[in-house]
Number of protein chains: 2
Amino acid sequence: MMQLTHAEENYLKAIYQLSEAGKKGVSTNDISAEMKTKPASVSDMLRKLGEKEVIEYRKYYGVHITEEGKKFALRTIRKQRLWEVFLVEKLRFAWDEVAEVADELEHVQSTILIQRLDEYLGFPKFDPHGDPIPDEYGDVRSRPRLPINEIDINGTGQIVAVKDSSAAFLRYLDKVGAYIGARIKVLEKVEFDGSIEILVDNKKTIFMSKDVAANILVMV
Amino acid sequence: MMQLTHAEENYLKAIYQLSEAGKKGVSTNDISAEMKTKPASVSDMLRKLGEKEVIEYRKYYGVHITEEGKKFALRTIRKQRLWEVFLVEKLRFAWDEVAEVADELEHVQSTILIQRLDEYLGFPKFDPHGDPIPDEYGDVRSRPRLPINEIDINGTGQIVAVKDSSAAFLRYLDKVGAYIGARIKVLEKVEFDGSIEILVDNKKTIFMSKDVAANILVMV
DNA sequence: ATAGACTTTTAGCCGACACTAAAAAATAAT
DNA sequence: ATTATTTTTTAGTGTCGGCTAAAAGTCTAT
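Residues numbered from 1 in each chain as written. Chains lettered and ligands numbered in written order. Predicted model: local features only at pLDDT ≥ 70, side-chain atom pairs only at ≥ 80, totals over all residues. Heavy atoms only, no water.

Looking at an unreviewed UniProt entry, one finds chain A named Transcriptional regulator MntR, with Belliella alkalica as its source organism. Recorded under Sequence similarities (unreviewed entry), the UniProt text for chain A is reproduced unchanged: "Belongs to the DtxR/MntR family." Of chain A, the UniProt comment under Subcellular location (unreviewed entry) reads exactly: "Cytoplasm". (UniProt positions renumbered as here; feature names shortened; annotations may be inferred.)

The structure is reproduced here in structure tokens:
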């Protein structure tokens, strides 16, 4: 089995996630923004990933991930998200603190480690941000998810993810009392500005603007 | 605070442990054997570690670790041993499976991660091999430890470490029913060959040769 | 259809960390 | 004390992954 370096793993994960988001080929600039490296470095890496046949690379025309590449990317994502669950559930990290540390942990090479960790965590299907954790074979079970602003009045659900997971936004949510896992009910939608009133865990009502509501995904 | 690379951290740890073992300066060849690299690579690394003042390096005359260097080495050892505890106690790894994985985990950079892990594990003072875990300040509390063959007849204690931690030896111990943490009592010492009979956990007696006994450390 | 803007790639450089081959220093043996 | 042996260092190479500067390709607007 061919091996990828840490850097290659990171690029491949970024490429996978960018292509999932947009469903199109991914540009060098997009990748360089995501990876915080220069476009020149990206070009070089794309050449290498192309040689390893985890991406299809046509110079100047962006990149498509191959089936083989997806397998690698999903393995990395699986590791990252399992570590995130560990950090939040076992070590009491806050949502917005896990990314950096999980990015290091995900590169530890040990199949057995990941199997045991998965088992230890009770085979979680979703990470603390509500994103699905691929299984050993790369299969992802996704649940139907809607942004709050698309839920009908009196509709209920559970917060499972946020689109914008910036530290600032996550802190805002904590502050107003919303959190991943919270059960919510939509009480009112204001016509003229789209702002919304929701009930959290049957005990607290909070208002949010349409923009905020659009950022919060709920499993209905 | 000056930073060390992963490779530098590994070399420094090796140098610290070699100098603790022998209490003398450490030779280039010793280090290259320990690190499984060539002496030429070691020389180069020593020059770098010398520049960073974590070791005192006189060409051709071996190496002494500085106080600053000890701090770094102890931090790395602390991380390594905490991860070993995690792997064995939480993920049910066997003694002889932890080294490789812990060597990767120990390089994850996050002070808070180590603090939380320490707390989560209940502030363990010894790793699964019985070696002491330095605290945040690098202090090590060591316990008096004796090899089994130096314990008097009817003396009791608890197995806390092994000198030879090769996979083969660890498997042998598991097989005969001895393990780290086991409470033992010395029942008999055979005069002419020094072999020893011990009682494990008050329920099982096992025989071992003098050589095996000398390899097992007991806290009395 | 061509100029200008933007994107992407190439070329060349650098630091980290391994290696080999050969030189230099220290140590051991006669 | 000189030679032989071993240890250690230097010199030069290669790979990986970043960078800058400049060239090349693509796209857009007139």
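Participant: Got a minute to help me understand the relation of the copies chain B and chain A in this structure?
Facilitator: There are two copies of the chain, and a rotation about an axis plus a shift along that axis relates them. For the pair chain B and chain A, the relating rotation is 180 degrees, the translation along its axis is 0.2 Å, and the fit reaches an RMSD of 0.2 Å. As the rotation angle and translation indicate, the two copies are arranged about a two-fold axis. No C-alpha of chain B lies nearer the rotation axis than that of B:Leu105, which sits 3.6 Å from it. (Least-squares fit on C-alpha atoms with pLDDT ≥ 70 in both.)

Participant: Mind showing me how you'd approach the pairing of strand β4 (residues 156-162) of chain A here?
Facilitator: Residues in a regular strand point their side chains to alternate faces of the sheet. All names here are of chain A. Counting buried residues in β4 gives six out of seven residues, a clear majority hidden from the surface. As paired elements, β4 and strand β8 (residues 216-219) share four bridges and run antiparallel to each other. Bridging across to β8, Ile159 finds its partner in Val218. (Buried < 20%, exposed > 50% of the residue type's maximum accessible area, 1.4 Å probe, protein only. Helix = DSSP H or I, 4+ residues; strand = E, 2+ residues; numbered from the N terminus. Pairing = 2+ DSSP bridges.)

Participant: Looking at this structure, I do not really get the protein's contact with DNA strand C. What am I missing?
Facilitator: With respect to spatial proximity, 21 residues lie near DNA strand C, and among them A:Ser43, A:Tyr57, A:Lys59, B:Thr5 and B:Lys48 are the closest. Within the side chain of B:Thr5, one N or O atom sits 2.3 Å away from a phosphate oxygen of DNA strand C. Side-chain polar atom of B:Tyr11 to a phosphate oxygen of DNA strand C: 3.4 Å apart, as the coordinates give it. Only α2 (28-35) and α3 (39-51) of chain A together with α1 (6-22) and α3 (39-51) of chain B provide two or more residues apiece to the surface near DNA strand C. Broken down by class, the residue content of the surface near DNA strand C amounts to 10 nonpolar, seven polar and four charged. (Near = heavy atom within 4 Å. Polar contact = N/O pair within 3.5 Å; in protein donor to acceptor, adjacent residues only side chain to side chain. Nonpolar A, V, L, I, M, F, W, Y, C, P; charged D, E, K, R; others polar.)

Participant: So what exactly am I meant to see when it comes to the nonpolar core here?
Facilitator: One recurring pattern in soluble globular proteins is that nonpolar side chains are buried together. Core analysis: the largest hydrophobic core is formed by 34 residues, its most contacted members being A:Trp83, A:Phe86, A:Leu87, B:Trp83, B:Phe86 and B:Leu87. Secondary-structure elements contributing two or more residues to this core are α4 (67-90), α5 (98-105) and α6 (111-120) of chain A together with α4 (67-90), α5 (98-105) and α6 (111-120) of chain B. In this structure, B:Val186, B:Ile196, B:Ile216 and B:Val218 belong to the second largest nonpolar core, which totals 22 residues. (Core = buried A, V, L, I, M, F, W, Y, C linked by side-chain atoms within 4.5 Å.)

Participant: Where do I start with the protein's contact with DNA strand D in this structure?
Facilitator: Residues in contact with DNA strand D amount to 19 residues; listed here are only the nearest, A:Thr5, A:Ser41, A:Lys48, B:Tyr57 and B:Lys59. Sugar and phosphate atoms constitute 78% of the interface atoms of DNA strand D, taking the interface as everything within 4 Å of the protein. Take B:Tyr57: an N or O atom from its side chain is 2.5 Å from a phosphate oxygen of DNA strand D. Secondary-structure elements contributing two or more residues to the surface near DNA strand D are α1 (6-22) and α3 of chain A together with α2 (28-35) and α3 of chain B.

Participant: Help me understand the environment of B:Phe126 in this model?
Facilitator: Its place among the elements puts B:Phe126 in the loop between α6 and β3 (145-147). What makes B:Phe126 buried here is its relative accessible area of 18%.

Participant: Would you take a moment to explain the domain arrangement of chain A for this structure?
Facilitator: The figure often quoted for interface size is the accessible area lost as the parts come together. Assigned domains of chain A: these are domain 1 (6-65) and domain 2 (145-219). Taken over C-alpha atoms, the centre of domain 1 of chain A sits 34 Å from the centre of domain 2 of chain A. (Domains from an automatic or database assignment.)

Participant: Help me understand the packing of aromatic side chains, please; the structure alone is not making it clear to me.
Facilitator: One pass over the full model with this rule turns up eight aromatic pairs over all chains. Their ring planes at 80 degrees and their centres at 6.3 Å tell us that A:Phe86 and B:Tyr120 sit as a pair that is edge-to-face. Of this pair, A:Phe86 sits in helix α4 while B:Tyr120 sits in helix α6, on two different chains. Ring geometry for B:Phe169 versus B:Tyr172: centroids 6.1 Å apart, planes at 25 degrees, classification stacked. Pair noted here: B:Phe169 and B:Tyr172 are both in helix α7 (residues 167-176), with a separation of three residues, about one helical turn. (Phe/Tyr/Trp six-rings, centres within 6.5 Å; stacked < 30°, edge-to-face > 60°.)

Participant: How should I be thinking about the pattern of salt bridges in this particular structure?
Facilitator: The final tally for this structure, using the stated rule, is 22 salt bridges over all chains. Across the pair A:Lys70 and A:Glu67 runs a salt bridge whose closest N-O atoms are separated by 3.6 Å. Pair noted here: A:Lys70 and A:Glu67 are both in helix α4, with a separation of three residues, about one helical turn. With relative accessibility at 57%, the residue A:Glu67 sits in the exposed group. Among the salt bridges present, the one from B:Arg78 reaches B:Asp118, with a minimum N-O distance of 3.2 Å. Of the two residues, B:Arg78 is situated in helix α4 and B:Asp118 in helix α6; the sequence distance between them amounts to 40 residues. By the burial criterion, B:Arg78 is buried, and B:Asp118 matches it. (Salt bridge = Lys/Arg side-chain N within 4 Å of Asp/Glu carboxyl O.)

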